[in-house]
Amino acid sequence: MLTIASTADILPLFLPVVSIACFCFLIFGREGKLNYPPGPWGLPIIGNLPLLGSTPHIALTELGNVYGDVFSVRLGSREAVVLNSEEAVRQALLQNSRQFSDRPPMSASAIRGVRKFSIVFGEYSPAQALKKRCALKAIHQVVFNNLEHFNKIVHDAFLNFKADLVGEEVQTFKPSIQLKLAVVKIIFNFTFGEGPRNQQLSEEVQKLVVESDEFTESSAATALVDFLPWLKPFMRKQIATVEQSVEALINFVEKVYTSSKQQATNDSCIAFCVTKLWEKAKKKPNEHKYDINMNLVLEEQKDISFSLPKGKPVNNGDEEIVKMISADVFGAGLETVSNALSWAMAYIVNSPKIQQSLHQELDIAVGGLRLPTIQDKPNMPLLQATVLEVLRITSLVPLALPHQTSEEAKLCGYTIPKATLVIVNLWAVNHDPRVFENPHVFNPYRFLNEDGEVCQKKTKFQLPFSIGSRRCLGSTLAKAEIFLLLACLLQHFEFSSTTGENVDLESHFGLTLRPKPFSVCARLRCKMGT
């Protein structure tokens with residue numbers, strides 16, 4: 001065994017290490033940045049990454065308790081600013097949206113032109129804003145201009161789920177699997193028209209569901225490569241998984257889009273509605289600057305110029321753009337809605353009194369002779385509040401996809417340099433004890449006023465889908481789907497744990513937060529006339 005006999009023996013080894021550390025601190029330290037947000041000291045090369053651990057959203061929340069609602073960290077080679085409160089997020093993403101809406105280059109966005117064509121992962125530009133407006137308007141025209149169409153699609157998916165489940169009086173199922181397949185059918189129908197029309201396509205859809213889980217698991221690991229590029233050789237497996245998942249989704253969308261092209265009408269599905277809107281907007285972009293008159297919660301910014309560079313076309317790959325927008329809608333909706341439903345099942349199973357109250361509300365508002373519809377929503381405030389509370393307490397996307405400053409900006413009294421990574425900690429926002437009393441307790445009643453109605457003032461502090469120009473593309477559609485599917489499930493079934501114990505609410509961190517796999521016992525409440 002090697003031994004060191006004296007201080008004289010230690011110094012020759014210790015001094016070079018100290019010198020290197022000091023040099024790196026001088027190079028990468030925050031001194032010299034005027035009025036920069038405070039933050040913890042970081043190690044050379046890796047910065048503050050070790051502080052984040054396996055639950056970075058919680059670690060960043062705890063750091064915010066020390067350094068404030070806006071603080072800085074160094075993630076490998078990147079300087080980052082973390083936003084930990086609703087006020088800071090609104091100031092950045094709404095009041096200063098022009099400076100805070102860009103995306104940093106990410107390894108996942110380099111696949112198949114994702115950064116060039118995608119609304120979600122693409123860099124911020126007038127063309128990106130135009131694509132998003134077309135997508136939002138398409139969602140509105142296809143879904144919310146025809147609520148009966150919306151009801152039918154959700155009802156069909158639920159009835160298929162029910163038919164598969166009720167072979168016996170008491171049946172069990174795994175929400176992460178069965179409910180996800182129901183959600184796939186709904187998203188597929190809205191995006192491309194009719195559901196999968198043959199066995200091969202159905203098998204491809206099921207394979208896509210599996211690959212989406214693998215993508216979610218591997219994306220958190222591969223994100224390290226964006227901060228520590230030298231790790232790439234050690235993470236080839238995870239990187240390959242992400243690349244294969246993205247490729248599979250894009251290939252699937254291309255195949256379905258091409259095969260469905262001849263059968264869809266202009267307003268029958270989002271993909272082909274986007275095609276028409278994009279062609280129209282591309283020809284006269286400035287005419288569509290404010291042409292989104294719809295009942296969606298849009299947060300377009302007054303300070304953003306949506307005009308296109310003179311003499312330059314938006315993009316020549318029109319069909320590629322439409323396909324990528326379709327992939328954005330399909331992929332994002334799949335993960336968000338299915339995970340939210342799984343979490344809802346977990347919390348409802350663990351809260352039998354709330355479940356009983358939801359049953360009573362449904363019996364009064366709808367009865368047992370028909371399925372619930374989205375038009376019944378005003379008569380079910382407790383179910384609305386339950387959806388809001390599930391989205392708040394779970395914070396499905398705990399850390400919003402990273403933003404990047406496009407120029408130097410002011411935020412909460414600090415100066416944020418150009419090209420700074422911006423981390424929006426939605427988990428911290430949704431679990432802020434200054435806003436939500438006992439934030440880690442599941443309590444839907446926090447969103448109801450004294451009259452038992454949804455308190456709109458309280459809902460503005462809950463940000464499950466972020467805000468501003470980068471707000472989740474299908475957030476309004478997702479909430480509507482979650483509400484109606486839950487209404488149908490609760491009307492027909494009483495849910496309980498298969499083990500007799502509460503469902504474990506510990507989550508898996510990834511691109512989204514997912515519950516651990518669990519099974520639920522579903523007992524038919526009554527024989528429905530539908």
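Further up the page is the structure itself.
This write-up is about the structure you can find in this document. (Residues numbered from 1 in each chain as written. Predicted model: local features only at pLDDT ≥ 70, side-chain atom pairs only at ≥ 80, totals over all residues. Heavy atoms only, no water.)

Some words on the overall build of the protein
Here's step 1: Helix and strand content of the protein: 18 helices and 11 strands.
Here's step 2: Within the protein, residue pairs in contact and separated by at least 24 positions form 77% of the contacts whose partners lie at least 6 positions apart. (Helix = DSSP H or I, 4+ residues; strand = E, 2+ residues; numbered from the N terminus. Contact = heavy atoms within 4.5 Å.)

Notes on the environment of serine 406
Here's step 1: With respect to the element layout, serine 406 can be found in the loop between strand 4 (403-404) and strand 5 (409-411).
Here's step 2: Separated by 306 residues in the primary sequence, serine 406 and phenylalanine 100 place their C-alpha atoms 6.6 Å from one another.

Topic: the packing of aromatic side chains
Each aromatic ring pair is described using two quantities: the centre-to-centre distance and the angle formed by the ring planes.
Here's step 1: Across all of its chains, the model carries 14 aromatic pairs by this definition.
Here's step 2: Ring geometry for phenylalanine 188 and phenylalanine 330: centres 6.5 Å apart, planes at 80 degrees, overall edge-to-face. Remark: phenylalanine 330 occurs in helix 13 (residues 318-349) and phenylalanine 188 occurs in helix 9 (residues 175-192); sequence separation between them is 142 residues. Summarising the burial analysis for this pair, phenylalanine 188 and phenylalanine 330 share the class buried.
Here's step 3: Feature note: the residues Phe161, Phe173, Phe493 and Phe495 constitute an aromatic cluster, connected by ring pairs.
Here's step 4: Here the guanidinium or amino end of lysine 377 rests over the ring plane of phenylalanine 483, the centre of that ring lying 5.8 Å away.
Here's step 5: Across the ring face of phenylalanine 436, the terminal group of arginine 392 is positioned such that the distance to the ring centre comes to 5.1 Å. (Phe/Tyr/Trp six-rings, centres within 6.5 Å; stacked < 30°, edge-to-face > 60°. Buried < 20%, exposed > 50% of the residue type's maximum accessible area, 1.4 Å probe, protein only. Lys NZ or Arg CZ within 6 Å of the ring centre and 35° of its normal.)

Concerning unusual backbone geometry
Here's step 1: The backbone phi angle of serine 395 is positive, close to 45 degrees, even though this residue is not glycine.
Here's step 2: One non-glycine residue, asparagine 438, lies in the positive phi region at around 45 degrees.
Here's step 3: With respect to the element layout, asparagine 438 can be found in the loop between helix 16 (426-430) and helix 17 (456-459).

Quick look at the pairing of strand 2 (residues 78-83)
Here's step 1: With 6 of 6 residues buried, strand 2 is to be regarded as a mostly interior element.
Here's step 2: Side chains Arg78, Ala80 and Val82 project from strand 2 onto one buried face, and the interleaved Glu79, Val81 and Leu83 project onto a second face that is buried too.
Here's step 3: In the sheet, strand 1 (residues 70-75) pairs with strand 2 via 6 bridges, with the strands oriented antiparallel. Directly across from arginine 74, in strand 2, lies its bridge partner glutamate 79.
Here's step 4: The antiparallel pairing of strand 1 with strand 2 creates a hairpin that spans 2 residues between the two strands, and glycine 76 there sits at a positive phi of about 60 degrees.
Here's step 5: Bridge analysis of strand 2 against strand 7 (residues 421-424) gives 4 bridges, and the strand direction is parallel. In the strand pairing of strand 7, valine 82 is matched with isoleucine 423. (Pairing = 2+ DSSP bridges.)

A look at the nonpolar core
Here's step 1: Phe150, Phe173, Leu486 and Phe495 are the most contacted members of the largest nonpolar core, which totals 112 residues.
Here's step 2: With 18 residues, the single largest contributor to this core is helix 13.
Here's step 3: In contact with phenylalanine 495, not counting residues within four places along its chain, are Phe173, Met345, Val349, Gln355, Leu489, Leu490, Val520, Cys521 and Ala522.
Here's step 4: Tyr36, Val70, Val89 and Leu426 belong to the second largest nonpolar core, which has 19 residues in total. (Core = buried A, V, L, I, M, F, W, Y, C linked by side-chain atoms within 4.5 Å.)

Regarding the pattern of salt bridges
Here's step 1: Scanning the entire structure with this criterion turns up 11 salt bridges.
Here's step 2: For aspartate 504, the salt bridge goes to lysine 516, with nearest N and O atoms at 3.4 Å. With aspartate 504 in the loop between strand 8 (493-497) and strand 9 (507-508) and lysine 516 in the loop between strand 10 (514-515) and strand 11 (520-524), this residue pair connects regions lying 12 residues apart in the sequence.
Here's step 3: Given a relative accessible area of 39%, aspartate 504 falls into the partly exposed group. (Salt bridge = Lys/Arg side-chain N within 4 Å of Asp/Glu carboxyl O.)

Topic: empty space enclosed by the protein
Here's step 1: One pass over the structure, following the stated rule, counts 5 cavities of 30 Å³ or more.
Here's step 2: Taken as a whole, the largest cavity holds about 830 Å³ of empty space.
Here's step 3: Along its surface, the largest cavity is lined by 41 residues, and Val120, Phe121, Ala332, Leu401 and Leu511 are the ones closest to its centre.
Here's step 4: Elements with a minimum of two residues in the lining of the largest cavity: helix 7 (126-144), helix 10 (199-227), helix 11 (236-260) and helix 13.
Here's step 5: Element by element, the count of residues in the lining of the largest cavity is highest for helix 13, at 9 residues.
Here's step 6: Looking at side-chain class alone, the lining of the largest cavity contains 24 nonpolar, 10 polar and 7 charged residues. (1 Å grid on protein atoms, 1.4 Å probe; cavity = no way out; pocket = protein on both sides within 12 Å on 5 of 7 lines; lining within 4 Å. Points joined across faces, edges and corners; volume = space filled by probe spheres on them. Nonpolar A, V, L, I, M, F, W, Y, C, P; charged D, E, K, R; others polar.)

Concerning the sheet that holds strand 7
Here's step 1: The strand order across the open sheet formed by 4 strands is 1-2-7-4, and the pairing between neighbours is mixed. Unpaired on one side and paired on the other, strand 1 and strand 4 mark the two borders of the sheet.
Here's step 2: Lying on the sheet, helix 3 (residues 56-67) is in contact with strand 1, strand 2 and strand 7; it crosses strand 1 at an angle near 125 degrees.
Here's step 3: The strands touched by helix 4 (residues 86-95) are strand 1, strand 2, strand 4 and strand 7; relative to strand 2, the strand with the most contacts, the crossing angle is about 120 degrees. (Axes fitted to C-alpha atoms, helices over the stretch in contact; angles between N-to-C directions.)

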